[in-house]
Amino acid sequence: MCGRFSLTSPVDAIRQLFGFKESPNLQPRYNIAPTTQIIAVRHPPVGESAEKELFSAHWGLIPSWAKSPEFSAKMINARSETAAGKPAFRTAYKSRRCLIPSNGFYEWQKLGNTKKQPWLICLRDAPLFAFAGLWESWKDSSGRTIESCTILTTEAADSIAFIHHRMPVIIDKIKYDQWLDGGIEQTLFAPFDSSRMAYHKVSQRVGNVRNDDADLIVPNDSISTNSQQELF
């Protein structure tokens with residue numbers, strides 16, 4: 001799954017990678033949590049622009065037919081294997097796809113019955129990358145529109161499966177347009193290349209959504225943890 005992630009790159013770096021024209025004042029976020037506003041990238045409506053568009057969305061998808069947004073917290077992730085057929089996701093899967101910029105994501109490794117160790121997971125060769133996302137537009141009874149999104153997940157890469165068995169779908173740069181254009185290619189959802197993953201333990205402070213500072217991404221010990229063999 002993906003329940004927390006970070007986005008700390010300057011907006012110019014994000015704009016250069018994704019090719020949108022907007023230039024918002026974005027602050028570094030080290031602990032992005034569900035049900036908050038996040039940024040995402042999509043194709044604008046047909047005929048409006050050839051460039052991609054940056055937009056803000058509520059993290060937790062609200063289907064257009066939903067009677068209320070209350071259950072969006074349960075819709076932060078969509079399984080890539082089944083999203084195309086699920087009522088909550090299938091329309092967005094066909095025509096409302098997006099890219100969600102990130103510098104890294106957190107997962108919690110179970111240690112015994114109660115203890116969990118948080119890890120920060122990144123890419124060795126891409127300090128800034130994108131999750132595959134879906135977005136929706138929902139209106140309440142007063143006519144107010146809320147745009148929301150979800151992050152697709154897949155099986156974890158072999159090298160990080162000991163932390164958690166699922167991970168977000170990461171889209172390579174050369175496939176950004178293919179994803180946004182609605183290309184249905186199951187290879188996009190294959191487990192990610194293990195050799196590209198980098199990861200280290202981080203502080204338990206990341207578990208508190210109120211904590212949002214650079215210390216959260218710092219390794220919490222001096223032990224090298226870039227392979228499972230070094231842990232045991």
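Since the model is a prediction, treat every value here as computed from it, not as a measurement.

## A look at the overall build of the protein
Argument step 1. In terms of regular secondary structure, the protein is built from three helices and 13 strands.
Argument step 2. Taken against the 2.2 N^0.38 rule, which gives 17 Å for 232 residues, the C-alpha radius of gyration of the protein at 17 Å falls within 12% of a compact globule.
Argument step 3. Over its C-alpha atoms, taken along the principal directions, the protein stretches across nearly 55 × 35 × 35 Å.
Argument step 4. For the protein, the residues scored as buried account for 50% of the 232 residues in total.
Argument step 5. A fraction of 67% describes how many contacts in the protein between residues 6 or more apart in sequence connect residues 24 or more apart.
Argument step 6. For the protein, the exposed surface amounts to about 11600 Å²; the carbon and sulfur share of it is 51%.

## Remarks on the packing of aromatic side chains
Argument step 1. For the coordinates displayed, the defined rule picks out 12 aromatic pairs.
Argument step 2. Relative to Phe189, the ring of Trp179 has its centre 6.0 Å away and its plane inclined at 80 degrees; by these criteria the two rings are edge-to-face. With a gap of 10 residues between them, Trp179 in helix α3 (residues 176-180) and Phe189 in the loop between α3 and β13 (197-201) connect regions that are remote in the sequence.
Argument step 3. Among the residues examined, Trp179 registers a relative accessible area of 0% and is labelled buried.
Argument step 4. For Phe189, a relative accessible area of 6% corresponds to the buried category.
Argument step 5. Joined through ring pairs, the aromatic side chains of Phe5, Trp59, Phe105, Phe129 and Phe131 make up one cluster.
Argument step 6. Arg42 extends its terminal NZ or CZ atom over the ring of Phe55, reaching a point 3.8 Å from the ring centre.

## Examining the confidence of the model for the protein
Argument step 1. The predicted model of the protein averages 91 in pLDDT, with 92% of residues at 70 or higher.
Argument step 2. Throughout residues 222-232 the model reports pLDDT below 50, and contacts reaching past four residues in sequence, or to other chains, amount to 17 contacts.

Calculation rules
Residues numbered from 1 in each chain as written. Predicted model: local features only at pLDDT ≥ 70, side-chain atom pairs only at ≥ 80, totals over all residues. Heavy atoms only, no water. Helix = DSSP H or I, 4+ residues; strand = E, 2+ residues; numbered from the N terminus. Rg over C-alpha atoms; globule rule 2.2 N^0.38 Å. Buried < 20%, exposed > 50% of the residue type's maximum accessible area, 1.4 Å probe, protein only. Contact = heavy atoms within 4.5 Å. Areas by Shrake-Rupley, 256 points an atom, 1.4 Å probe, with all protein chains shown as cover. Phe/Tyr/Trp six-rings, centres within 6.5 Å; stacked < 30°, edge-to-face > 60°. Lys NZ or Arg CZ within 6 Å of the ring centre and 35° of its normal. pLDDT = per-residue confidence, 0-100.

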